[in-house]
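The residues making up each chain are set out below.
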Amino acid sequence: MLDRWTMPLTQRPLQALARRLWHLGVTADAVTVFAFLVGMLSLPLLAMELYGWALLAILLNRLGDGLDGALARCSGKASDAGGFLDIGLDFVFYAAVVLGFALADSERNALPSALLLFAFIGTGSSFLAFAIMASRHDLQRPNFQSKAFYYLHGLTEGTETVVALVAFCLWPAQFPLLASLFAVACLITTATRLWGGVSHAQETACRRHGKAHARLTRRRY
């Protein structure tokens, strides 16, 4: 929901840093993998209840997540393979953070963690399912030109997810409540994306049918 406003604010500093890395010979895929490995450190750190260090790992991962795309565009080497690697590792990272909280206090956090992972499956699957359909029909993404995949807007996008992860680390004692609330928001996002995707597919089918009917009519007359 907030990405359309936050992304334009972050692009300029990310591009400046990306140009420096490009001149040093750093590749976008290297940044993607390095950011993922740093982010995965949050799993053992959370399990040991080292929330401050875990927060640092999470923020560095999110910085790398924005930087790799900027670097790919700066170097002129943006690719579907890089975009696929980026989004795939993102989902693994998000799940690892939730698992870390479950391990930190399984008695209190296990059920909220399971609920949030359930919700993440919904947002992730609806995200990727619509991206496949958008690719097939060559849809444009005017609000997210820097994204490798087209996706429908939702209540929980990248910005909201980062805010939630930060809140989890700042107030770990409130994780059950915060995770449950964010899970509900993710489920709302899943529902709206599924509705939007089905509606768009039906509209696309109607347009294709209308064009086919028009061509048949012209042939008859």
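Check the entry above for the structure.
Residues numbered from 1 in each chain as written. Predicted model: local features only at pLDDT ≥ 70, side-chain atom pairs only at ≥ 80, totals over all residues. Heavy atoms only, no water.

Chemist: Which residues make up the overall build of the chain, and what are the values?
Modeler: A count of helices and strands for the chain gives 8 helices and 0 strands. Here the chain holds 221 residues, and 41% of them are scored as buried. In the chain, once contacts between residues fewer than 6 apart in sequence are set aside, the share between residues at least 24 apart is 76%. Entry remark: accessible area of the chain is about 12,800 Å², with carbon and sulfur atoms responsible for 67%. (Helix = DSSP H or I, 4+ residues; strand = E, 2+ residues; numbered from the N terminus. Buried < 20%, exposed > 50% of the residue type's maximum accessible area, 1.4 Å probe, protein only. Contact = heavy atoms within 4.5 Å. Areas by Shrake-Rupley, 256 points an atom, 1.4 Å probe, with all protein chains shown as cover.)

Chemist: I'd love a proper account of the packing of aromatic side chains, names of residues and values included.
Modeler: Per the counting criterion, the structure on display carries 7 aromatic pairs. With centroids separated by 4.5 Å and ring planes inclined at 5°, the aromatic side chains of Phe101 and Phe175 adopt a geometry described as stacked. On the criterion of sequence distance, the pair formed by Phe101 in helix α5 (residues 80-104) and Phe175 in helix α8 (residues 175-220) is long-range, its members being 74 residues apart. A relative accessible area of 0% means that Phe101 is categorised as buried. By the ring-pair criterion, three or more aromatic residues cluster together here, those being Tyr51, Phe101, Phe168 and Phe175. (Phe/Tyr/Trp six-rings, centres within 6.5 Å; stacked < 30°, edge-to-face > 60°.)

Chemist: How would you sum up unusual backbone geometry? Please name residues and give values.
Modeler: Not every positive phi belongs to a glycine, and Glu49 is a case in point at roughly 65°. Note on placement: Glu49 falls in the loop between α3 (42-47) and α4 (51-75).

Chemist: With reference to specific residues and values, describe the packing of helix α2 (residues 28-40) against α5.
Modeler: Running from amino to carboxyl end, α2 crosses α5 at an angle of 5°, the nearest separation of the two axes being 10 Å. Put simply, α2 runs roughly parallel to α5. When α2 is examined against α5, the residues Asp29, Thr32, Val33, Phe36, Gly39 and Met40 are found in contact with a partner set consisting of Gly82, Leu85, Asp86, Leu89, Val92, Phe93 and Ala96. Along the lines of polarity and charge, the residues of the contact of α2 with α5 split into 8 nonpolar, 3 polar and 2 charged. (Axes fitted to C-alpha atoms, helices over the stretch in contact; angles between N-to-C directions. Parallel < 35°, antiparallel > 145°, perpendicular 65-115°, else oblique. Nonpolar A, V, L, I, M, F, W, Y, C, P; charged D, E, K, R; others polar.)

Chemist: Any details on the nonpolar core? Residues and values, ideally.
Modeler: Proteins that are soluble and globular tend to have nonpolar side chains buried together. Membership of the largest hydrophobic core comes to 26 residues, with the highest contact counts inside it found for Phe101, Leu116 and Phe168. Per-element tally for this core: the top contributor is α5, with 6 residues. Ala18, Leu21, Ala28 and Ala70 belong to the second largest nonpolar core, which has 9 residues in total. (Core = buried A, V, L, I, M, F, W, Y, C linked by side-chain atoms within 4.5 Å.)

Chemist: Explain the pattern of salt bridges residue by residue, including any values.
Modeler: Going through the model one piece at a time under the given rule, you end up with 3 salt bridges. The shortest N-O distance in the salt bridge between Asp65 and Arg62 comes to 3.2 Å. Linking Asp65 with Arg62, this pair stays in helix α4, spanning 3 residues, or about one helical turn. Per residue, the accessibility class of Asp65 equals that of Arg62, and both read buried. Where Asp90 meets Arg62, a salt bridge forms, and the shortest distance between an N and an O atom there is 2.9 Å. Of the two residues, Asp90 sits in helix α5 while Arg62 sits in helix α4, which places them 28 residues apart along the sequence. (Salt bridge = Lys/Arg side-chain N within 4 Å of Asp/Glu carboxyl O.)

Chemist: Got a sec to walk through the packing of α4 against helix α7 (residues 158-170)? Specific residues and values, please.
Modeler: α7 packs onto α4 with a crossing angle of 165° between their chain directions and a minimal axis gap of 9 Å. As the angle between them shows, α4 and α7 are arranged roughly antiparallel. Of the two possible hands of crossing, α4 and α7 adopt the one that is left-handed. Note on element contacts: α7 touches α4 through Val162, Leu165, Val166, Cys169 and Leu170, opposite Tyr51, Leu55, Ile58, Leu59 and Arg62. (Left-handed = near helix turned anticlockwise from the far one by under 90°.)

Chemist: Explain a nonpolar patch on the surface to me, and be specific about the residues and the numbers.
Modeler: Nonpolar side chains collect at one region of the surface, where Leu17, Met48, Leu50, Trp53, Leu56, Leu60 and Leu63 lie side by side and expose about 670 Å² of accessible area between them. With 4 residues, the top contributor of residues to the nonpolar patch is α4. Of note, Leu63 is situated in helix α4. (Patch = residues over 30% accessible without salt bridge, like charges linked within 9 Å, V, L, I, M, F, W, Y side chains within 5 Å.)

Chemist: Residues and numbers for α2, please.
Modeler: The first and last C-alpha atoms of α2 sit 18 Å apart over 13 residues, in line with the 18 Å expected at 1.5 Å per residue. Considered for burial, the residues of α2 that qualify are Ala28, Val31, Thr32, Ala35, Phe36, Val38 and Gly39. An end-on view of α2 places all buried positions within 165° of arc, on one side of the element. Structural note: α2 exposes Phe34 and Leu37 on the side pointing more than 90 degrees away from its buried face. (Expected span 1.5 Å × (residues − 1). Arc of directions from axis to C-beta.)

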